[in-house]
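One letter stands for each residue in the lines below.
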Amino acid sequence: MARDVAIVGVGMTKFGEHWDKGLRELIMEAGIKSVEDAGISGKDIELIIGGSMSSGIFAGQDHTGALFTDYLGLNPIPSIRTEAACASSSVALSTGIMAVQSGRYNCVVIGGVEKMTDVYSNMATTTLAGAMDRDNEANFGLTFPGVYALMAKRHMHQYGTTREQIAMVAVKNHENAMHNPNAQFHRKITVDDVLKSPLVSDPLRLLDCSPIADGASSLVIVPAEKAKQYTDTPIYIRASSQASDTLGLYRRPDITTVNANVVASRNAYKQAGMTPKDIHFAEVHDCFTINEIIATEDLGFVKKGDGGRFVQSGETQLGGKIPINTSGGLKAKGHPVGATGVAQVIEAVEQLRGNAGGRQVSGAENGLTHNVGGSGSTVVVHILSRNRK
Ligand code: COA
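Cut-offs and rules
Residues numbered from 1 in each chain as written. Predicted model: local features only at pLDDT ≥ 70, side-chain atom pairs only at ≥ 80, totals over all residues. Heavy atoms only, no water. Pairing = 2+ DSSP bridges. Helix = DSSP H or I, 4+ residues; strand = E, 2+ residues; numbered from the N terminus. Axes fitted to C-alpha atoms, helices over the stretch in contact; angles between N-to-C directions. Core = buried A, V, L, I, M, F, W, Y, C linked by side-chain atoms within 4.5 Å. Buried < 20%, exposed > 50% of the residue type's maximum accessible area, 1.4 Å probe, protein only. Domains from an automatic or database assignment. Contact = heavy atoms within 4.5 Å. Polar contact = N/O pair within 3.5 Å; in protein donor to acceptor, adjacent residues only side chain to side chain. Buried area = accessible area lost by both parts, 1.4 Å probe. Salt bridge = Lys/Arg side-chain N within 4 Å of Asp/Glu carboxyl O. Nonpolar A, V, L, I, M, F, W, Y, C, P; charged D, E, K, R; others polar.

1. Side note on the sheet that holds strand 11 (residues 378–385)
Item 1. What the 9 strands build is an open sheet, ordered 3-2-4-7-1-8-11-10-9; its pairing is mixed. Among the strands making up the open sheet, the edge pair consists of strand 3 (79–82) and strand 9 (281–283). If you compare each strand with its neighbour and ignore which way they point, the axes differ by 25° on average.
Item 2. Bridge count for strand 8 (residues 235–244) against strand 11 is 8 bridges, and the pairing is antiparallel. Within strand 11, the position partnered with I237 by the bridge is L384.

As structure tokens, then:
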């Protein structure tokens with residue numbers, strides 16, 4: 001019987017442009033914060049698992065598992081680096097959960113890092129495109145803004161989703177980020193601002209895109225039965241589920257849905273013994289505004305095709321039926337790709353601890369995180385709860 005797993009410590013850097021910090025300073029800041037938050041000593045930590053997508057190109061430094069262990073002063077414990085594009089650190093977490101569930105490890109630090117702003121935007125775009133089908137898509141000029149623009153166009157055509165509804169995702173997430181000190185942007189925007197921002201890939205504009213960013217995130221996991229030794233408010237991992245879809249968008253029968261979203265979330269609900277109605281808030285992968293709309297549908301919060309109207313109804317805002325991306329999401333909190341998955345889980349932990357300040361969802365007991373690699377080729381869903389069962 002697999003053991004239950006709990007999160008007892010979290011820590012992250014502010015996301016944004018960190019000209020004054022390298023990869024290792026970001027890792028140290030987030031890692032030390034999470035260890036201090038858990039109140040553990042270095043001697044308790046048995047394993048480190050850290051996600052990063054392309055640190056070798058972005059920062060000239062690969063082997064980030066060893067970098068984590070070395071610069072957190074934890075040699076000679078083992079370390080593992082995970083890579084699954086923008087879902088790299090969620091895969092670090094799901095791997096760590098398996099390590100604790102198995103009984104082999106009792107204290108694992110999970111991390112994620114990316115330092116993207118040391119290269120020019122065109123280089124960042126080319127590097128990110130390595131997460132799609134290189135031979136059949138990227139080599140013909142397709143970029144990630146292009147991939148999600150195709151999905152947006154099709155969604156608009158098939159379901160009547162409007163350009164304004166898509167913009168409302170960005171407006172809401174910028175509003176939420178105003179209450180998040182770790183967010184990259186603290187700037188309110190309007191639908192008009194989005195629609196007048198520079199065109200990136202039709203119909204998506206600058207303010208529909210997550211930004212290029214630097215940052216790191218970290219958390220500490222232990223077996224649930226030991227969690228109260230460290231904290232009065234452990235947050236329990238009720239489900240950890242991963243699914244895959246084609247690397248290339250062009251091989252999918254319907255580009256308004258991501259099958260891996262559907263499969264990963266349905267398996268997660270089953271593991272947790274919950275339905276979408278039991279989830280009180282969610283952090284979803286809004287790398288581009290349209291993807292939040294697609295995610296809310298695929299995760300079962302609203303019927304397929306109704307995601308645009310759902311945003312417009314206000315039900316995804318704070319105080320709505322299911323607040324989405326209270327952290328500001330990738331759009332406004334920032335998206336240092338390797339750090340994003342763990343940062344989503346950190347937001348869920350802060351919400352469930354009741355520590356989310358001006359963005360707190362009142363009475364939140366269960367939250368869901370949804371992290372995507374590529375255009376949904378990897379999807380990882382976690383369900384977290386204040387309650388162990
Ligand atoms: N949202 C809001 N503002 C943004 C922004 C974004 N996504 N990206 C840049 N800005 C702002 C900058 O802060 C800057 O503002 P300032 O002039 O007040 O300082 C201005 O826009 C220009 O920034 P710059 O860095 O020159 O933008 P860029 O044109 O090089 O890059 C994008 C803009 C949209 C192309 C880039 O952010 C991008 O590629 N995003 C997508 C990243 C991605 O694909 N991630 C993986 C997802 S699968």
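2. Brief notes about the nonpolar core
Item 1. If you look at the biggest cluster of nonpolar residues, it comprises 56 residues, and the most contacted ones within it are Y148, F301, L368 and I383.
Item 2. Looking at which element gives the most residues to this core, the answer is helix 6 (residues 144–159), with 6 residues.
Item 3. Counting contributing residues per domain, this core is built from domain 1 (5–120 + 213–235) and domain 2 (131–207 + 237–385), each supplying no fewer than three.
Item 4. When neighbours within four sequence positions are excluded, Y148 is seen to be in contact with L204, C287, F288, I290, N291, V372, G374, S375 and G376.

3. Thoughts on the side chain of T231
Item 1. Among the structural elements, T231 can be located in the loop between strand 7 (214–223) and strand 8.
Item 2. With a relative accessible area of 12%, T231 lands in the buried category.
Item 3. Within the local environment of T231, its side chain forms a polar contact with the backbone nitrogen of T233, the two atoms lying 3.0 Å apart.

4. Comments concerning the domain arrangement of the chain
Interfaces are often sized by the accessible area lost when the parts come together.
Item 1. One can read the domain layout of the chain as domain 1 (5–120 + 213–235) and domain 2 (131–207 + 237–385).
Item 2. The centre of domain 1, based on its C-alpha atoms, is set 23 Å off from the matching centre of domain 2.
Item 3. Contact residues are listed per partner, giving 43 residues for domain 1 and 36 residues for domain 2.
Item 4. Together, F15, C86 and I235 form the three largest contributors to the area buried by domain 1 at its contact with domain 2, with a combined 25%.
Item 5. Summed over the shared surface of domain 1 and domain 2, the result is 1 salt bridge.
Item 6. Between D37 and R353 there is a salt bridge, with the nearest N and O atoms lying 3.0 Å from each other.
Item 7. Across the contact surface, domain 1 and domain 2 share 11 residue pairs in polar contact (both at pLDDT 80 or more).
Item 8. Where the side of domain 1 that touches domain 2 is concerned, the elements lending two or more residues are strand 1 (5–12), helix 4 (88–101), strand 4 (108–115) and strand 7.
Item 9. Here the side of domain 1 that touches domain 2 is built from residues that sort into 23 nonpolar, 16 polar and 4 charged.

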